[in-house]
Structure formats: C-alpha cells, structure tokens
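# A closer look at the structure
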Amino acid sequence: MNNIIRGIEQAQLKENVESFNVGDTVRVYAKVKEGNRERVQMFEGTVLSRQNGGSKENFTVRRISYGVGVERSWPVHSPNIEKIEVIRRGKVRRAKLNYLRSRIGKSAKVKELIR
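Below or above, wherever it landed, is the structure these notes cover. Just so it is clear, the model here is predicted, and its values are computed rather than measured.

## Here's the deal with the overall build of the protein
Helix and strand counts for the protein stand at 1 helix and 5 strands. Tracing the protein from N to C terminus, the helices and strands come up as α-β-β-β-β-β. Referenced to the eigenvectors of the C-alpha coordinate spread, the extents of the protein come out at roughly 50 × 40 × 25 Å. The burial tally for the protein puts 29% of its 115 residues in the buried class. Long-range contacts, defined here as pairs at least 24 residues apart, represent 50% of the contacts in the protein between residues at least 6 apart.

## Description of the packing of aromatic side chains
Counted under the stated rule, the structure contains 3 aromatic pairs. Their ring planes at 35° and their centres at 5.7 Å tell us that F59 and W74 sit as a pair that is tilted. Of this pair, F59 sits in strand 3 (residues 58-65) while W74 sits in strand 4 (residues 68-75); the two residues are 15 residues apart in sequence, bridging distant segments of the chain. On the basis of relative accessible area, W74 is assigned to the buried category, the value being 6%. Ring-pair connections join several aromatic residues into one group, and the members of that group are F20, F43, F59 and W74. Sitting over the face of the ring of F20, R50 holds its NZ or CZ atom 4.3 Å from the ring centroid. We note K83 situated over the ring of Y29; from NZ or CZ to the ring centre the distance is 4.9 Å.

## Some thoughts on a nonpolar patch on the surface
Nonpolar side chains collect at one region of the surface, where M1, I4, I5 and I8 lie side by side and expose about 450 Å² of accessible area between them. Relative to the helices and strands, I8 is located in helix 1 (residues 2-12).

## Focus: the environment of V17
Mapped onto the elements of the fold, V17 is located in the loop between helix 1 and strand 1 (25-34). Looking at V17, the relative accessible area reads 30%, which means it is partly exposed. As a C-alpha pair, V17 and A108 span 91 residues in sequence and 27 Å in three-dimensional space. Beyond its immediate sequence surroundings of up to four residues, V17 is in contact with V76 and H77.

## Points about a positive patch on the surface
On the surface, K91, R93, R94 and K111 cluster together to form a positively charged patch. A relative accessible area of 54% places R94 in the exposed class.

Basis of the calculations
Residues numbered from 1 in each chain as written. Predicted model: local features only at pLDDT ≥ 70, side-chain atom pairs only at ≥ 80, totals over all residues. Heavy atoms only, no water. Helix = DSSP H or I, 4+ residues; strand = E, 2+ residues; numbered from the N terminus. Buried < 20%, exposed > 50% of the residue type's maximum accessible area, 1.4 Å probe, protein only. Contact = heavy atoms within 4.5 Å. Phe/Tyr/Trp six-rings, centres within 6.5 Å; stacked < 30°, edge-to-face > 60°. Lys NZ or Arg CZ within 6 Å of the ring centre and 35° of its normal. Patch = residues over 30% accessible without salt bridge, like charges linked within 9 Å, V, L, I, M, F, W, Y side chains within 5 Å. Areas by Shrake-Rupley, 256 points an atom, 1.4 Å probe, with all protein chains shown as cover. Salt bridge = Lys/Arg side-chain N within 4 Å of Asp/Glu carboxyl O. Lys, Arg positive; Asp, Glu negative; His and termini not counted. Charge placed at Lys NZ, Arg CZ, Asp CG, Glu CD.

Written out as structure tokens, the structure is:
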C-alpha cells in the first residue's frame, strides 16, 4: 500500500524547483484566476518557514505592504506557482523565523549570506 501512495506522490512532484531556504528573499510568481482569464502575480518577501516534505511541502513568505505585514503560504509543488526566484540568500540560525512578525524596520532584516 505504501508503494502505491509513494508512486502517486512522486508523480505530483515538480522537477524544476529552485532550492531556497528559510531567511531567503524570494519572488514567487503565482497564477491568479479572475473570472475566465488567468494572470501571473508576483509576491516578493522573506521566507519564514518550510514545513513537511515531499509533495506536501509548504512554505510561508512575509512582506510589508503599506506598513502592514502580509503573509502567504503555498505548497512548493503547486501547479499554481509558475516559478520561485531567489533574490538574496539569508544567513539565519533557526528553522522558523516567527520572531520577524513582531519587528519593524531595520530589526526585521535578515543578514545576507555571502558565499
């Protein structure tokens, strides 16, 4: 039974997913349906968390829009995501950046990872 479920989940995985981690600044190009037409909307922000694994893997992105924090979560392998573009690599020491929710301005920044 487990082999059947594993086979179904393997078929749902995307092949060209760019690698990104928590703390990275990413640009997510998501497909949005409005009536009978479809367009691509960009959402740029810091990755707060990545959860689960395989076909069920999710990630949360946060940005500040007009002084208000906005968070969105997507499945990594969703057909509604056209592409994920990494803008900056972040240098962080934890798996979840929930402390960024209570910070504003310079204290809400994540240091850039220089390789």
